[in-house]
Structures are given as C-alpha cells and as structure tokens.
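Coordinates in review
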Amino acid sequence: MTGSPNSSASGSADGPQLAPAAPASVAVGEPLVVLTDVQKYFGDLHVLKDINLSVGRGEVVVVIGPSGSGKSTLCRSINRLETIESGSITIDGVPLPSEGKELAKLRSDVGMVFQQFNLFAHKTILENVTLGPIKVRKKGKAEANQRGMELLDRVGVGSQAQKYPAQLSGGQQQRVAIARALAMDPKVILFDEPTSALDPEMINEVLDVMIQLAEQGMTMIVVTHEMGFARTAANRVAFMAEGQILEEADPEQFFTNPSTARAKDFLSKILTH
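Residues numbered from 1 in each chain as written. Predicted model: local features only at pLDDT ≥ 70, side-chain atom pairs only at ≥ 80, totals over all residues. Heavy atoms only, no water.

**Some details on the pattern of salt bridges**
Under the criterion given, the structure shown has 14 salt bridges. We note a salt bridge from aspartate 92 to lysine 187, for which the minimum N-O separation is 2.9 Å. In this pair, aspartate 92 is assigned in the loop between strand S4 (86-91) and strand S5 (94-95) and lysine 187 in the loop between helix H5 (170-183) and strand S7 (188-192), connecting sequence segments 95 residues apart. The salt bridge involving lysine 269 is made with aspartate 265; its shortest N-O contact spans 3.2 Å. (Salt bridge = Lys/Arg side-chain N within 4 Å of Asp/Glu carboxyl O. Helix = DSSP H or I, 4+ residues; strand = E, 2+ residues; numbered from the N terminus.)

Structural data, given as structure tokens:
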C-alpha cells in the first residue's frame, strides 16, 4: 500500500506536463451518472445488490472495498461492458442502450481506463490515441494527430509517440491509456484499478495525472486500492462490500470516522500495514 501520492506533477522531461491546476474546489454540477436499484448476477452469485449511486458533473467518486465486493463489476456496468439484470443506469439523462450504434455512441462519451492498459500492440502510441477520434468521432487524421500529441504531452509521454506499447514502461502505457480516453472528449472517465498492475515506483506517475484531471474538473469514477489518492482527489468515497454500497462520505469523514463496522474493519486492516 502506498502512502499519499505525490501530487506535484510539475513534470520532468518525461513526467506529466499538465496545465496549471484549477482550484481544488471545482464545483460539482447536476447528476451526470445515475444508478438506480441496480442488480447484477453471475449465475447464482448476486454481485450487485440494490446499487443506488449518483455522480455529479465534475465530481470524483472513488469506490473502495475488499476484493470481490463488486467494485469492478459496478464500474464495467456503467458503460455496459457488463449487463445488469434490473434497475437503471443513465448517462447525462439517457438510459444505457442495449446494443448497436446507440451503445457505441454512449461508450464514446464514457472513457474507460483498464487495469491492464488494453493498448493495441501493433499500433504506435499516437495511433492508439487517435484511433477512436478518427473511427468514431470522424475527425480528420491531421486534427486527430495534433490533438493526440497535445494529450500525450499533457500526460508526459509525448516523446514516446512513435514507439509501440511494448517499448514503454507500465506507467507510461497507463498514461497513454488515459490520453486515449481523453481524446474522445468524454463526459466521464471510468478507472478500473488503474494502478494495480504497476510496479510501486510507477504508481505515483499515473496518480499524479489523475489528480490533475480531478482538479481540472473531469468527472471520474475510480475503483482503486490507493487510499492516498482517495484522500487527495475524491469528492466522495463509496465503500462497497458483498455487492452493496454500505456507506458514502467525503474522504475526511470516511477515513477518520467511518459509520459502519465493516468499513472500520476494512480501514483498520489496510491503514496499519
């Protein structure tokens, strides 16, 4: 478990080169992502139980909890990588489509950063970032390349643009994955344990980028084990166990005075090691 991430992000030659951060008190707007009475099963296993969660525009919600609590399934349900049995999920007031062009359109508004990067190995870093804007947003190649380079510079890997994923470190690949998500100009970005596959020294370089995005008002739903990030960047922490959201609170309240015995037990085990 790492401690609080270094959020300086001032940027060495290969560090994050982000614009000056907005004030930490970015205003949270009207609900953007709303889950109502969501149920999800894997066979007989009830993995999401009566999930109700509303995420405002510009808000950062960090979802934490023990392994197997349903966190990643919750994250993947929001852009329908996992289907739900009942309940509803809306993005900007629109229910999740079941399939086809409408689902593809919705997914273009919902960025996703995975645990394992999911970059195309046979495409350069820049090609990975521009593929979506060209194919889905129908942007011209020159425009997409210019925007792609701006984003790669923004996350500190612009000098790697013509390399292939295998030539980059895990931390660099994950920063490329964040740039790829940003290239679609999404309304919200989902992060599914984005640092869990990284070596410890690479974790902070990814968290720094995420903290800057949070400070600049990006709506983010983050599943993570990084408690330092949750304390630094979250507007709200949602604690899950056994398929349920047991409590929601601002980080200070949650980490200093959790309201449920299950959360107290969880924190006592992870914050003392």
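The rest of the description comes next.
**Here's the deal with the pairing of S4**
Pairing of strand S1 (residues 31-42) with S4 involves 5 bridges; the strand directions are antiparallel. Bridge pairing links valine 33 to isoleucine 91 in S4. Strand direction decides the pairing type here: S4 and S5, joined by 2 bridges, are antiparallel. Paired with isoleucine 91 across the two strands is valine 94, which belongs to S5. (Pairing = 2+ DSSP bridges.)

**Some remarks on the sheet that holds S7**
Reading across the sheet, the 6 strands line up as S6-S7-S8-S3-S9-S10 and stay open at both edges, with mixed pairing between neighbours. Here the strands that pair on one side only, and so sit at the sheet edges, are strand S6 (110-113) and strand S10 (244-249). On average, adjacent strands in this sheet sit at an angle of 20 degrees to one another, irrespective of strand direction. Pairing of strand S9 (residues 236-241) with S10, which is carried by 5 bridges, proceeds in the antiparallel orientation. Its bridge partner lying in S10, phenylalanine 239 is registered against glutamate 247. Sheet strands in contact with helix H2 (residues 100-109) are S6 and S7, and its direction is about 65 degrees off that of S6. Along the sheet face, H5 touches S6 and S7 and points at about 175 degrees away from the line of S6. (Axes fitted to C-alpha atoms, helices over the stretch in contact; angles between N-to-C directions. Contact = heavy atoms within 4.5 Å.)

By themselves, these observations are geometric and do not establish any function.
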